[in-house]
Amino acid sequence: MVNHSLFPWPLVTLDFEASSLLPGTYPIEVGVCRWVGPGQPLEGWSTLIKPTAKWVELGVWSPDSALVHGIAREDLEAGLEPQAALERLNSIIGFRGHALVDGGEHDVRWLNMLVGASLDRAIFRLSDFDHVALRLEREGYARVVRYLDLTPVPHRALDDAVRLMRALAEGLGVDQPV
């Protein structure tokens, strides 16, 4: 039986989609998956992010990246302003909460860009998904890795965040949350 106290419940996974992976990239979508605990449903939220004029002027838009995530530049006009996106993230994740990410320095940079374009600060921290998953016993961690290896990456922020959360559920050995 897995010791559920090894994890900072509720668990939250977060993912960004971006204009590119090259220098000058900016966030274009964010998704969050929240799981209160075993036996509870997953809660998800995502939004496109309307880029600031500065991001567009100085940033890089990659047509190759657009083919991967399927988000057109024009779609971003319907997105939330960075300030509104950050406010919603703060509301979902909460004060001193942790959001698990698998994009390392990219996710940190994109969150910092949201903060830089806002009047607020992030009241939560980003934590490395793999570092937290390593708290599982060896077999549990192997189940996480196997799940991620066998499950395609959707390359949409909410779907990617849900995929990470389901991998953790697999590692915990609990029924897949819906």
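Read on for a plain summary of the structure.

Rules behind the numbers
Residues numbered from 1 in each chain as written. Predicted model: local features only at pLDDT ≥ 70, side-chain atom pairs only at ≥ 80, totals over all residues. Heavy atoms only, no water. Axes fitted to C-alpha atoms, helices over the stretch in contact; angles between N-to-C directions. Helix = DSSP H or I, 4+ residues; strand = E, 2+ residues; numbered from the N terminus. Left-handed = near helix turned anticlockwise from the far one by under 90°. Contact = heavy atoms within 4.5 Å. Nonpolar A, V, L, I, M, F, W, Y, C, P; charged D, E, K, R; others polar. Phe/Tyr/Trp six-rings, centres within 6.5 Å; stacked < 30°, edge-to-face > 60°. Buried < 20%, exposed > 50% of the residue type's maximum accessible area, 1.4 Å probe, protein only. Salt bridge = Lys/Arg side-chain N within 4 Å of Asp/Glu carboxyl O. Pairing = 2+ DSSP bridges. Right-handed = clockwise from strand over helix to strand, strands pointing away. 1 Å grid on protein atoms, 1.4 Å probe; cavity = no way out; pocket = protein on both sides within 12 Å on 5 of 7 lines; lining within 4 Å. Points joined across faces, edges and corners; volume = space filled by probe spheres on them. Core = buried A, V, L, I, M, F, W, Y, C linked by side-chain atoms within 4.5 Å.

**A few points about the packing of helix H6 (residues 138–150) against helix H7 (residues 157–172)**
Piece 1. Interhelical geometry of H6 versus H7 gives an angle of 145 degrees and a closest axis separation of 7 Å. As H6 packs across H7, the resulting crossing turns out to be right-handed. Here Gly 140, Arg 143, Val 144, Tyr 147 and Leu 148 of H6 come into contact with H7, specifically with Arg 163, Leu 164, Arg 166, Ala 167, Leu 168, Glu 170, Gly 171 and Leu 172.
Piece 2. When the residues that make up the contact of H6 with H7 are grouped by side-chain class, the tally is seven nonpolar, two polar and four charged.

**Regarding the packing of aromatic side chains**
Piece 1. The final tally for this structure, using the stated rule, is three aromatic pairs.
Piece 2. Look at Trp 9 and Trp 35: their rings are 5.2 Å apart centre to centre, the planes differ by 75 degrees, and that puts the pair in the edge-to-face class. Here the residue Trp 9 occupies a position in the segment before strand E1 (11–18), and Trp 35 occupies one in strand E2 (residues 27–35), the gap between them amounting to 26 residues.
Piece 3. For Trp 9, a relative accessible area of 25% translates into the label partly exposed.
Piece 4. Ring geometry for Phe 16 versus Trp 110: centroids 6.1 Å apart, planes at 65 degrees, classification edge-to-face. Highlighted residues: Phe 16 in strand E1 and Trp 110 in helix H4 (residues 105–116), separated in sequence by 94 residues.
Piece 5. A relative accessible area of 4% means that Trp 110 is categorised as buried.

**A short note on the pattern of salt bridges**
Piece 1. Under the definition given, this model contains five salt bridges.
Piece 2. Connected via shared salt-bridge partners are Lys 50, Glu 77 and Glu 81.

**What to know about the pairing of strand E4 (residues 98–101)**
Piece 1. When E4 meets strand E5 (residues 125–128), the two strands line up parallel, connected through four bridges. The residue of E5 that forms the bridge with Leu 100 is Ser 127.
Piece 2. Between the parallel elements E4 and E5, the chain passes through H4 in a crossover that is right-handed.

**Let's talk about the layout of surface pockets**
Piece 1. Taken as a whole, the largest pocket holds about 400 Å³ of empty space.
Piece 2. The set of elements that each furnish at least two residues to the lining of the largest pocket consists of E1, helix H2 (63–69), H4 and H7.
Piece 3. With four residues, E1 is the single largest residue contributor to the lining of the largest pocket.
Piece 4. Residue composition of the lining of the largest pocket, grouped by class: seven nonpolar, six polar and six charged.

**A look at the side chain of Ser 127**
Piece 1. Positionally, Ser 127 belongs in strand E5.
Piece 2. Apart from residues no more than four positions distant in its own chain, Ser 127 is found in contact with His 98, Ala 99, Leu 100 and Val 101.

**Describing the side chain of His 69**
Piece 1. Looking at the secondary structure, you find His 69 in helix H2.
Piece 2. Exposure remark for His 69: the relative accessible area of 6% places this residue in the buried category.
Piece 3. The contacts of His 69, once residues within four sequence positions are left out, are Glu 17, Ala 18, Ile 28, Trp 61, His 155 and Arg 156.

**Side note on the nonpolar core**
Piece 1. Of all hydrophobic cores here, the largest spans 29 residues; its most connected members are Leu 14, Phe 16, Val 32, Leu 89 and Ile 93.
Piece 2. Counting only elements with at least two residues in this core, the list comes to E1, E2, strand E3 (42–48), helix H3 (82–93), E4 and H4.
Piece 3. When residues no more than four places from it in sequence are discounted, the contact partners of Leu 14 are Val 30, Gly 31, Val 32, Leu 89, Ile 93, Ala 99, Leu 100, Val 101 and Ala 161.
Piece 4. Formed by 22 residues, the second largest nonpolar core is a distinct cluster that contains Cys 33, Phe 129, Leu 136 and Leu 168.

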